[in-house]
Structure formats: structure tokens, C-alpha cells
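Summary of the model geometry
Each chain, written out:
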Amino acid sequence: ANCQNNLRQIGLGIAQYYDDQNPTAMPAGLTDMGGLYAAIGTYIGNSTKLLHSTSDRAAAPATTLTNGAGNTGVSYAYYTNTTWQSSPMTALIWDKGATITETNGAWTTTCPHGTDGGNMLWTDGHVDFNTSWNGTTMGLTNSSAGVINN
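Described in the following lines is the structure provided in the data block. (Residues numbered from 1 in each chain as written. Predicted model: local features only at pLDDT ≥ 70, side-chain atom pairs only at ≥ 80, totals over all residues. Heavy atoms only, no water.)

Some words on the pattern of salt bridges
Evaluated as defined, the whole model comprises 1 salt bridge. Salt-bridge contacts for Asp-56 lead to Lys-96; the nearest nitrogen and oxygen are separated by 3.5 Å. Taken together, the positions of Asp-56 in the loop between α2 (33-40) and β1 (76-79) and Lys-96 in the loop between β2 (91-95) and β3 (99-100) put the pair 40 residues apart, joining distant regions of the chain. Relative accessible area serves as the criterion here: at 5%, Asp-56 is assigned to the buried category. Exposure remark for Lys-96: the relative accessible area of 17% places this residue in the buried category. (Salt bridge = Lys/Arg side-chain N within 4 Å of Asp/Glu carboxyl O. Helix = DSSP H or I, 4+ residues; strand = E, 2+ residues; numbered from the N terminus. Buried < 20%, exposed > 50% of the residue type's maximum accessible area, 1.4 Å probe, protein only.)

Right under this line is the structure:
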């Protein structure tokens, strides 16, 4: 529940960013979740805690985030090759650690919920828990170039 709430709050921050900035995409040069945080931090109360799931036992929550720094303590991966509300069934952010291809993927033991599945934020703003992974039906194209796994 905590993880899904975090993703909802991140989604609201992204929605507010788009409403205020009126961009067609997130700013260029976002290389990791630190970059996304730099763009939407003021919209989520400048709280790095939202980027860490209580289910993620691998690292303590990040206290600071920097774009391009390979930040630790971040529990989510970010798909950079999409825009907010571009298609309702396109994945935007999900629990880190999944192995990903355009047509297939899997939740791994390094994911916060292990191989049971993972939480996902979709570009229409809804959040759910998925036990399966299909990059094609999830709207992922050229996913290896667009996935930020930290």
C-alpha cells in the first residue's frame, strides 16, 4: 500500500508539472530518477522518501538525489520514452529490478516484491500491482534505450 501511494503521489507531481509547464515531454537530459526528482520535486513536497518503497530492503531511502549520479535508495525505474497521458496503457514508473525487453520481461528477485510482481504507475495516472510483464501491451517501444533503472 505504501508503494502504491508513493507512485500515486509521484503521478500527481508529474501531472502538476505538465499542467504548469505545458511541455510535450519531460525535460531533456533526465538520466535517472534523480533527474525526474529535479523536475517534479517541488510538486511532491521535495520529499525523497516518495522514491523509496518500504518493501525495498536493498537500500535505505535516499536523502539527496542528483541527476546522473546513479542514486541509491531509489525503489523505482522510469521509462523516459513516453509522455504523460500519451496513452492510458503505457507504463511510466515501476518497481526497479525487472528485466525488460519490448516484448517480454520478468519481475526478478531484486525487485522489492521479488518475483511475485511489482507496482506500476501508468501514463494515465492509475497505479496497480502486476504479476506479469509484457512490454508490447504495456506500450514500451525501444525500451532498452528508455528505461532508467534507478
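Here the narrative resumes, following the displayed structure.
Things to note about the environment of Leu-51
In this fold, Leu-51 is placed in the loop between α2 and β1. Residue class for Leu-51 comes out buried when judged on its relative accessible area of 3%. Residues Leu-51 and Ile-10, 41 residues apart in the sequence, show an inter-C-alpha distance of 8.1 Å. Every residue in contact with Leu-51, bar those within four places of it in the chain, is listed here: Ile-10, Met-33, Tyr-37, Leu-65, Gly-73, Val-74, Ser-75 and Tyr-76. (Contact = heavy atoms within 4.5 Å.)

Brief notes about the side chain of Asp-95
Tracing the chain through its elements places Asp-95 in strand β2. Of the buried charged residues, Asp-95 lacks a salt bridge, with Lys-96 as the closest side chain of opposite charge at 9.6 Å. Reaching out from Asp-95, the side chain makes a polar contact with the backbone nitrogen of Asn-119 at a distance of 2.9 Å. In this view, Asp-95 contacts Cys-3, Ser-75, Tyr-76, Ala-77, Trp-107, Pro-112, His-113, Gly-118 and Asn-119; residues no more than four positions away in its chain are not counted. (Lys, Arg positive; Asp, Glu negative; His and termini not counted. Polar contact = N/O pair within 3.5 Å; in protein donor to acceptor, adjacent residues only side chain to side chain.)

Considerations on the pairing of strand β6 (residues 127-130)
Relative to β6, strand β5 (residues 118-122) runs antiparallel, the two being bridged by 4 bridges. Across the sheet, Gly-118 pairs through a bridge with Asn-130, a residue of β6. Counting the residues in the hairpin turn of β5 and β6 gives 4 residues, including Gly-125, whose phi is positive at 100°. (Pairing = 2+ DSSP bridges.)

Side note on helix α1 (residues 2-21)
Here α1 contains 20 residues, and its C-alpha end-to-end distance of 28 Å stays within 8% of the 28 Å for a straight helix at 1.5 Å per residue. Among the residues of α1, those classed as buried are Cys-3, Gln-4, Asn-6, Leu-7, Ile-10, Gly-11, Gly-13, Ile-14, Ala-15, Tyr-17 and Tyr-18. The elements touched by buried residues of α1 are α2, β1, β2, β5 and β6. Positive backbone phi, at 50°, marks Asn-22, one or two positions downstream of α1. (Expected span 1.5 Å × (residues − 1).)

A few points about the packing of aromatic side chains
Tallied over the entire structure, the rule returns 2 aromatic pairs. Here the aromatic rings of Tyr-17 and Tyr-18 are separated by 5.9 Å at their centres, their planes lie at 80°, and the arrangement is edge-to-face. This pair shows no difference in class: Tyr-17 is buried, exactly as Tyr-18 is. Relative to Tyr-43, the ring of Tyr-17 has its centre 6.2 Å away and its plane inclined at 90°; by these criteria the two rings are edge-to-face. Of this pair, Tyr-17 sits in helix α1 while Tyr-43 is found in the loop between α2 and β1, placing the two residues 26 residues apart along the sequence. Among the aromatic side chains, those forming a connected cluster through ring pairs are Tyr-17, Tyr-18 and Tyr-43. (Phe/Tyr/Trp six-rings, centres within 6.5 Å; stacked < 30°, edge-to-face > 60°.)

Purely geometric stuff here, so don't read any function into it on its own.
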